[in-house]
Amino acid sequence: MRIPTPIIDLSLVVTPFLLGFLETKITNGSMIFDALDKITSGEKIILYILTFLLVEIIDYKFSYNRFVEKTQLNIDNTAIELRNIRGRLDGLQSKVELINHGQQIDNSLNNVKHPYFVNLITKRLKNLLSKNSELFMQTERTSPSHAHTFGAKGIRSTRENLKCVSYIPEYWEDKNDTEYMDTQVNLMKRGVKIKRLFIVNDANRENSIAQMKLQNKLGIETKFINQSMVEEEFKEKDFLIQDDELLVELYFDDDVTNGRHVDSKELITTDELIVLERKEQFQTNWASAKTV
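Right, let's walk through the structure included here. Please read these numbers as outputs of a predicted model, since none were measured by experiment.

**Re the overall build of the protein chain**
Next, step 1: Of the regular secondary structure elements, the protein chain holds 8 helices and 7 strands.
Next, step 2: Within the protein chain, the proportion of its 292 residues that are buried is 29%.
Next, step 3: Look at the contacts in the protein chain between residues 6 or more apart in sequence, and 73% of them connect residues 24 or more apart.
Next, step 4: Counting only carbon and sulfur atoms, one obtains 58% of the accessible surface of the protein chain, whose full area is about 20300 Å².

This is the structure we're talking about:
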């Protein structure tokens, strides 16, 4: 709460007299009053004016600092909003491209006039859709080394948050200075919140702790949980959830033991049940995890 400057001015003027009065009551004399008596009226006026100017200068300094801090905060918030808008525009651009493909198909259908070809092309489209029923499914199974991997390009479209679980022991060995990490740093500059939970055991503990310290410095919130403390299904999970709506999970075929990152498969899906299950697993184990 800011004290009005007139009250401060008045306090500074009255205080010497109050102190002098107390001094008189205690010592039966007052050095303060003696000093005030030696000051001429003109000197007192000058002293009061200087006191007033000093208080005003100090008040201006504090007001100016508050104004600068508030302005900087508004600039930062505006910058975050602009980055978020740019991210949404990028997403809209992709959707527009998809709609354009549909428009091209629609235009091609409008050019089909003769009943013979209408029937023939109808059969062709039915056959195409029956053989490619997965064409519009929002689930993809690929691999980290494939062109369709989610990776840095995928997380670039994040709007609000990433919830990540990391287990594969050697995954972070070559990720310190990569596009993937640079993209996460840029996301955080846009206001995206990133949480990463490390599942640790004797094989990956040292590397995981080192990564946590590094990522904490970058602004990523990290925690770890011992593999022995989690349920069986969660012991080797490695995934991220983007904006609570899309899951990217690394996994291994059943016949693979001690798999490395290069041997993993990648599931990318917006299946609501699967996303919800992984989200609940993350929240439960995050609550029990520890920080470094």
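**Quick word on the pairing of strand S5 (residues 238-242)**
Regular strands show a simple pattern: their side chains alternate between the two faces of the sheet.
Next, step 1: When you tally the buried positions in S5, you get 5 out of 5 residues, the bulk of the element.
Next, step 2: Residues of S5 alternate between two faces, with Asp 238, Leu 240 and Gln 242 on one and Phe 239 and Ile 241 on the opposite face, all of them buried.
Next, step 3: Sheet topology places strand S2 (residues 161-166) next to S5; 4 bridges connect them, and they run antiparallel. In the strand pairing of S5, Val 165 is matched with Phe 239.
Next, step 4: Where S5 meets strand S6 (residues 246-251), 5 bridges bridge the pair, whose relative direction is antiparallel. Residue pairing for S6: Phe 239 is matched across the bridge by Glu 249.
Next, step 5: Between S5 and the antiparallel strand that follows it, S6, lie 3 residues; Asp 243 among them carries a positive phi value of about 55°.

**Concerning helix H6 (residues 179-189)**
Next, step 1: Tyr 180, Met 181, Thr 183, Gln 184, Leu 187 and Met 188 are the residues of H6 that are buried. Burial along H6 is one-sided: seen end-on, the buried residues are contained in an arc of 155°.
Next, step 2: Elements in contact with the buried residues of H6: helix H5 (151-155), S2, strand S3 (193-200), helix H7 (205-218) and S5.
Next, step 3: One or two steps after H6, the chain reaches Gly 191, where phi turns positive at roughly 100°.

**Regarding the nonpolar core**
Generally speaking, a soluble globular protein has its nonpolar side chains buried in company with each other.
Next, step 1: Judged by nonpolar contacts, the single largest core of 24 residues is most densely connected at Phe 150, Ile 155, Leu 162, Tyr 180, Ile 194 and Leu 240.
Next, step 2: Going through the elements one at a time, H5, S2, H6, S3 and S6 are the ones with two or more residues in this core.
Next, step 3: When sequence neighbours within four positions are dropped, the list of residues in contact with Ile 155 reads Phe 150, Leu 162, Tyr 180, Thr 183, Gln 184, Leu 187, Leu 240 and Gln 242.
Next, step 4: Residues Ile 199, Ile 225, Phe 282 and Ala 289 belong to the second largest nonpolar core, which totals 14 residues.

**Details of unusual backbone geometry**
One can expect most non-glycine residues to show negative phi and most peptide bonds to be in trans.
Next, step 1: Even without being glycine, Asp 243 reaches a positive phi, approximately 55°.
Next, step 2: Locating Asp 243 in the fold gives a position in the loop between S5 and S6.
Next, step 3: A positive phi angle is found at Asp 244, which is not glycine, with a value near 60°.
Next, step 4: By secondary structure assignment, the location of Asp 244 is in the loop between S5 and S6.

**Things to note about the pattern of salt bridges**
Next, step 1: All told, the structure shown has 10 salt bridges when counted by the stated rule.
Next, step 2: Among the ionic pairs, Glu 245 bridges to Arg 159, the shortest N-O distance being 3.2 Å. On the criterion of sequence distance, the pair formed by Glu 245 in the loop between S5 and S6 and Arg 159 in the loop between H5 and S2 is long-range, its members being 86 residues apart.
Next, step 3: Among the charged side chains, a salt-bridge network with shared partners connects Lys 237, Glu 249, Glu 277 and Arg 278.

**Section: the pairing of S2**
Next, step 1: Counting buried residues in S2 gives 6 out of 6 residues, a clear majority hidden from the surface.
Next, step 2: Of the two faces of S2, the one lined by Asn 161, Lys 163 and Val 165 and the one lined by Leu 162, Cys 164 and Ser 166 are each fully buried.
Next, step 3: Bridging between S2 and S3 involves 6 bridges; their strand directions are parallel. Residue pairing across strands places Asn 161 opposite Lys 193, the latter belonging to S3.

**What to know about a nonpolar patch on the surface**
Next, step 1: There is a patch of nonpolar side chains on the surface, built from Ile 45, Ile 46, Ile 49, Leu 50, Phe 52, Leu 53 and Ile 57 and spanning about 680 Å² of accessible area.
Next, step 2: Within the secondary structure, Ile 57 is located in helix H3 (residues 41-110).

**Here we look at the sheet that holds S2**
Next, step 1: Here we have 7 strands laid out as an open sheet, ordered S1-S7-S6-S5-S2-S3-S4, and mixed in their pairing. Single-partner strands in this sheet number two, and they are strand S1 (139-142) and strand S4 (221-226). The sheet shows a mean angle of 10° between the axes of neighbouring strands, taken without regard to direction.
Next, step 2: Across the face of the sheet, H6 comes into contact with S2, S3 and S5 while running at roughly 135° to S3.
Next, step 3: Set on the sheet, H7 makes contact with S3 and S4; between it and S4 the angle comes to about 160°.

The rules behind the values
Residues numbered from 1 in each chain as written. Predicted model: local features only at pLDDT ≥ 70, side-chain atom pairs only at ≥ 80, totals over all residues. Heavy atoms only, no water. Helix = DSSP H or I, 4+ residues; strand = E, 2+ residues; numbered from the N terminus. Buried < 20%, exposed > 50% of the residue type's maximum accessible area, 1.4 Å probe, protein only. Contact = heavy atoms within 4.5 Å. Areas by Shrake-Rupley, 256 points an atom, 1.4 Å probe, with all protein chains shown as cover. Pairing = 2+ DSSP bridges. Arc of directions from axis to C-beta. Core = buried A, V, L, I, M, F, W, Y, C linked by side-chain atoms within 4.5 Å. Salt bridge = Lys/Arg side-chain N within 4 Å of Asp/Glu carboxyl O. Patch = residues over 30% accessible without salt bridge, like charges linked within 9 Å, V, L, I, M, F, W, Y side chains within 5 Å. Axes fitted to C-alpha atoms, helices over the stretch in contact; angles between N-to-C directions.

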